[in-house]
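Each chain, written out:
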Amino acid sequence: MTRTGLPGRTLHELADGVWVWLQPSGETGVSNAGVVADDDGLTIVDTLMVRSQWEPFSEAVAALDRPVKRVVLTHAHVDHVGGTGQFRNAAVYATPVTSDLLEGAMPIDAYKAFMPAFADEFDDLAEIGTRPVSHLVDGAAQLTSRVELLPATGHTPGDLMVLVADVDVLFAGDLCFFGVTPLAFQGDPDTWAAMLDVVTELADVIVPGHGPVGGEPEVRDLQAYLRHCVAGAVPTGPWDDWPEREQRDPINIERAALLREGRDEIPPSMVKAIGFD
Ligand SMILES: [Zn+2]
């Protein structure tokens with residue numbers, strides 16, 4: 001089976017004791033999660049967004065019948081942190097930036113405007129809330145005998161990658177979008193593109209935050225796209241059929257231009273997309 005043909009919305013054992021829960025269409029609000037087994041129990045990587053996503057995921061994790069010891073959040077975006085409450089006894093690991101962002105109130109109206117497909121589920125999420133980060137990760141750390149945490153920046157100022165070196169698998173969080181247009185409203189496309197050189201050296205098998213599992217060719221396509229955004233225009237290329245280009249190209253291009261002027265601001269096209277124009 002090809003990597004792109006891996007089954008979605010089921011726990012698929014990608015390597016020995018490493019599972020992926022893919023929602024490979026990867027559009028806004030539709031992300032991936034993972035599970036890594038150590039002798040003492042499980043480490044969860046990201047928790048999806050709303051009940052219709054995290055309930056089947058957490059049920060499948062429970063069916064593994066091992067204690068969930070740890071949850072690692074790759075960053076603070078709601079499509080990765082919405083299900084933290086499902087793993088009540090686990091320690092929650094993330095960067096200080098992610099922790100700070102999770103302390104703030106959820107901008108539920110902005111979520112509804114930006115992700116109308118899930119509008120009905122955000123009130124439920126607002127009621128449940130997310131768990132706070134219990135363990136701050138401010139440098140590279142060996143979390144377990146198998147799991148290494150690697151802080152990064154590019155998609156947000158507080159990204160965190162999860163490397164399982166013994167099976168050559170990297171959970172890249174939203175530093176990788178494969179076959180899906182990336183979103184850099186809170187990131188730095190220039191730094192992000194440079195960071196992807198590091199990503200290719202970490203592992204051969206890369207689980208992105210959005211889209212199907214891939215490797216270096218998919219990372220290089222993403223890197224080229226981001227560099228075009230920094231240059232101010234995206235020509236025809238392998239990204240021609242990526243979904244959500246129309247909405248995201250202007251956001252990514254504006255964000256790169258603002259940062260070049262020293263302005264760390266939300267791009268006007270993003271402000272419009274979340275209904276605040
Ligand atoms: Zn994100």
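Right above here is the structure, for reference.
This text gives an overview of the structure that appears in the document. (Residues numbered from 1 in each chain as written. Predicted model: local features only at pLDDT ≥ 70, side-chain atom pairs only at ≥ 80, totals over all residues. Heavy atoms only, no water.)

### Some remarks on the nonpolar core
Basically, it comes down to this: Only buried residues count toward a nonpolar core, which is a set of Ala, Val, Leu, Ile, Met, Phe, Trp, Tyr and Cys residues joined through side-chain atoms within 4.5 Å. Exposure classes here rest on a 1.4 Å probe applied to the protein chains alone. A residue is buried below 20% of its type maximum, exposed above 50%, and partly exposed in between. Helix and strand definitions here come from DSSP, where helices need a minimum of 4 consecutive H or I residues and strands a minimum of 2 consecutive E residues; each element is numbered from the N-terminal end. Contacts are residue-level and defined by heavy atoms, with any inter-residue pair within 4.5 Å sufficient.
One finds V35, F57, V61, M115 and F122 to be the most contacted residues of the largest nonpolar core, which totals 40 residues. Here the element with the most residues in this core is helix α4 (residues 108-114); it accounts for four residues. When near neighbours in sequence (up to four residues on either side) are disregarded, M115 contacts T28, G29, M49, V78 and F122. Counting residues in hydrophobic clusters, the runner-up holds 27 residues, among them C176, A203, I206 and V234.

### A few points about helix α1 (residues 51-63)
The condition that has to hold: To estimate how far a helix should extend, the number of its residues minus one is multiplied by 1.5 Å. Note that the arc is computed from the directions linking the helix axis to the C-beta atoms.
Compared with an ideal rise of 1.5 Å per residue, which puts 13 residues at 18 Å, α1 spans 18 Å between its outermost C-alpha atoms and is within 8% of the ideal. For α1, every residue scored as buried is listed here: Q53, W54, F57, S58 and V61. The buried residues of α1 occupy an angular sector of 105 degrees when the element is viewed end-on, so they sit on one face. In α1, the exposed residues that point more than 90 degrees away from the buried face are E59, A62 and A63. Lining the buried residues of α1 we find β1 (11-15), β2 (18-21), β3 (33-38), β4 (41-45), β5 (68-72) and α5 (119-128). Trailing α1 by a residue or two, D65 shows a phi angle of about 60 degrees, which is positive.

### Thoughts on the coordination of the zinc ion
Our working definition: Nitrogen, oxygen and sulfur within 2.8 Å of a metal are treated as its donors, or within 3.2 Å for sodium, potassium and calcium (Na, K, Ca); water is not counted, so a site can appear incomplete.
Each protein donor to the zinc ion is listed here as H75 (NE2), H77 (ND1), H155 (NE2) and D174 (OD); together their distances run 2.1 to 2.2 Å. Each donor residue of the zinc ion lies on the same chain, and together they follow the pattern H-x1-H-x77-H-x18-D. Taken as a pair, H77 in the loop between β5 and α2 (78-81) and D174 in strand β11 (residues 169-177) lie far apart in primary sequence, 97 residues in all. Take D174: its relative accessible area is 3%, and that puts it in the buried class.

### So, the sheet that holds strand β7 (residues 135-136)
How we decide: Paired strands, as defined in this entry, are two strands with at least two bridges between them according to DSSP.
Reading across the sheet, the seven strands line up as β1-β2-β3-β4-β5-β6-β7 and stay open at both edges, with mixed pairing between neighbours. Whereas interior strands pair on both sides, the edge strands pair on one side only; in this sheet they are β1 and β7. Direction of pairing for strand β6 (residues 91-94) relative to β7: parallel, over a ladder of two bridges. Paired with Y93 across the two strands is H135, which belongs to β7.

### Things to note about the pairing of strand β9 (residues 147-152)
When strand β8 (residues 141-142) meets β9, the two strands line up antiparallel, connected through two bridges. Across the sheet, residue Q142 finds its bridge partner in β9, namely E148. Connecting the antiparallel pair β8 and β9 is a turn made up of four residues. Relative to strand β10 (residues 159-164), β9 is paired through six bridges, and the arrangement is antiparallel. The partner of L149 across the bridge, within β10, is V162. Hairpin connection, β9 to β10: the antiparallel pair is bridged by six residues, and G154 has positive phi, about 140 degrees.

### What to know about empty space enclosed by the protein
Threshold: In this analysis a 1.4 Å probe is tested at points of a 1 Å grid over the protein atoms alone, and where it fits but cannot get out there is a cavity; an open set with protein on both sides within 12 Å along at least five of seven lines is a pocket; lining residues have an atom within 4 Å of a point. Grid points are joined across faces, edges and corners, and a volume is the space filled by probe spheres set on the points. Charged means Asp, Glu, Lys or Arg here, nonpolar means Ala, Val, Leu, Ile, Met, Phe, Trp, Tyr, Cys or Pro, and polar covers whatever is left, Gly included.
Counting across every chain of the model gives one cavity of 30 Å³ or more. Roughly 60 Å³ of internal volume is contained in the largest cavity. Around the largest cavity, the lining residues are N32, A33, G34, V45, D46, F171, A172, G173, V207, P208 and G209. In terms of residue class, the lining of the largest cavity is built from six nonpolar, four polar and one charged.

### A few points about the side chain of Q23
Structurally, Q23 can be placed in the loop between β2 and β3. Sequence-distant contacts of Q23, that is, excluding residues within four places in its chain, are made with R9, V30, S31, N32, L48 and Q53.

### Re the sheet that holds strand β12 (residues 205-210)
Condition: To obtain each axis, a line is fitted to C-alpha atoms, and for helices this fit is confined to the stretch in contact; angles are then taken between N-to-C directions over 0 to 180 degrees.
One open sheet holds the five strands; their spatial order is β8-β9-β10-β11-β12, and the pairing between them is mixed. If you trace the sheet from one side to the other, it starts and ends with β8 and β12, each paired once. The pairing of β11 with β12 spans five bridges and is classified as parallel. Residue pairing in the sheet places G173 in a bridge with P208 of β12. Sitting on the sheet, helix α6 (residues 189-202) is in contact with β9, β10, β11 and β12, with an inclination near 165 degrees to β11.

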